[in-house]
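Here is how the chains run, residue by residue.
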Amino acid sequence: LMSELEAAEQAVDGMTITRSDYQVDKEALVVDNDGRVADNATLSDSNDVLRTEVNVHSILRTSKIQERSKLNPVADKTQYDQLTLQIDDLTRQIDAKNSTIADNVETIDLNEQEISSNNTEIVRLDGLIVGLDGQIAQVQQDISDGVFNTKKSGGTVATVLTVSDATAQLRNIYVRVWALT
């Protein structure tokens, strides 16, 4: 058994631990968001570079296509085939860079969704932390003001009865038994 004061002190301890857990969870989400924001900035910068490269490769490929169109595929076979290989290589590079850009955009979108979800959870945790801070402060103030009784309570006393094939009533609880020992 414990006194009201001891129960209040244990309640403060429990709420303080819970508040600390909420704070740790919140800080982990903030760190996660910071990492995602940094990743998104890096991916965005990478996409800018890749888009520039795609534009340069596209211009070069168009130039080579025009150059090849002026050649006779049979009479200028060697030069024609070299230009075809260069055009194909530029096309592969453009496709690869566009694929990387698309993957980066998808990752950025997923990061933004997670950041939004984390922000929602951070707001919820902030509310819980503020609520616990208020409760902790109130109970601590009541402890300081001596509101709680220090006398240990005797607790509830139950009367034990022996019943056999009977119905017993304990306040608003009814028990029907055939044998109880």
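Residues numbered from 1 in each chain as written. Predicted model: local features only at pLDDT ≥ 70, side-chain atom pairs only at ≥ 80, totals over all residues. Heavy atoms only, no water.

Peer 1: Residue-level account of the overall build of the protein chain, with values.
Peer 2: On a plain count of helices and strands, the protein chain comes out with 2 helices and 2 strands. Its helices and strands taken in sequence order, the protein chain reads α-α-β-β from the N to the C terminus. For the protein chain, with 181 residues in total, the buried portion stands at 20%. Expressed as a percentage of contacts within the protein chain between residues at least 6 apart in sequence, the contacts between residues at least 24 apart total 75%. For the protein chain, the exposed surface amounts to about 12700 Å²; the carbon and sulfur share of it is 54%. (Helix = DSSP H or I, 4+ residues; strand = E, 2+ residues; numbered from the N terminus. Buried < 20%, exposed > 50% of the residue type's maximum accessible area, 1.4 Å probe, protein only. Contact = heavy atoms within 4.5 Å. Areas by Shrake-Rupley, 256 points an atom, 1.4 Å probe, with all protein chains shown as cover.)

Peer 1: Please give an account of the pattern of salt bridges that cites residues and values.
Peer 2: Considering all chains together, one arrives at 7 salt bridges under this definition. The closest approach of N and O atoms between Lys26 and Asp126, which form a salt bridge, is 2.7 Å. Of this pair, Lys26 sits in helix 1 (residues 4-69) while Asp126 is found in helix 2 (residues 77-144), placing the two residues 100 residues apart along the sequence. Look at Asp126 and you get partly exposed, because its relative accessible area is 27%. Its salt-bridge partner being Arg124, residue Glu121 comes within 2.8 Å of it at the nearest N-O pair. Of this pair, Glu121 and Arg124 both sit in helix 2, separated by 3 residues, roughly a single helical turn. By relative accessible area, Glu121 is classed as partly exposed at 27%. (Salt bridge = Lys/Arg side-chain N within 4 Å of Asp/Glu carboxyl O.)

Peer 1: Could you give an account of the environment of Asp21, with specific residues and numbers?
Peer 2: Tracing the chain through its elements places Asp21 in helix 1. With 108 residues separating them in the primary sequence, Asp21 and Ile129 have C-alpha atoms 9.6 Å apart.

Peer 1: Residues and numbers for the confidence of the model for the protein chain, please.
Peer 2: Do not read the fine detail of predicted coordinates wherever pLDDT is low. Model confidence for the protein chain is summarised by a mean pLDDT of 88, while 83% of its residues fall at 70 or above. Per-residue pLDDT stays below 50 along residues 157-168; that stretch engages in 18 contacts with residues further than four places along the chain or on separate chains. (pLDDT = per-residue confidence, 0-100.)

Peer 1: Can you explain the nonpolar core? Please cite residues and give values.
Peer 2: Of all hydrophobic cores here, the largest spans 6 residues; its members are Ala8, Val12, Met15, Leu132, Ile136 and Val139. Those elements that provide at least two residues to this core are helix 1 and helix 2. For Ala8, the contacting residues outside a window of four places in its chain are Val139, Ile143 and Phe148. (Core = buried A, V, L, I, M, F, W, Y, C linked by side-chain atoms within 4.5 Å.)

Peer 1: Which residues make up the environment of Asp48, and what values do they have?
Peer 2: Take Asp48: it is sitting in helix 1. A residue is classified by how much of its surface remains accessible, and Asp48, at 44% relative accessible area, is partly exposed. The sequence separation of Asp48 and Ile101 amounts to 53 residues, and the corresponding C-alpha distance is 8.8 Å.

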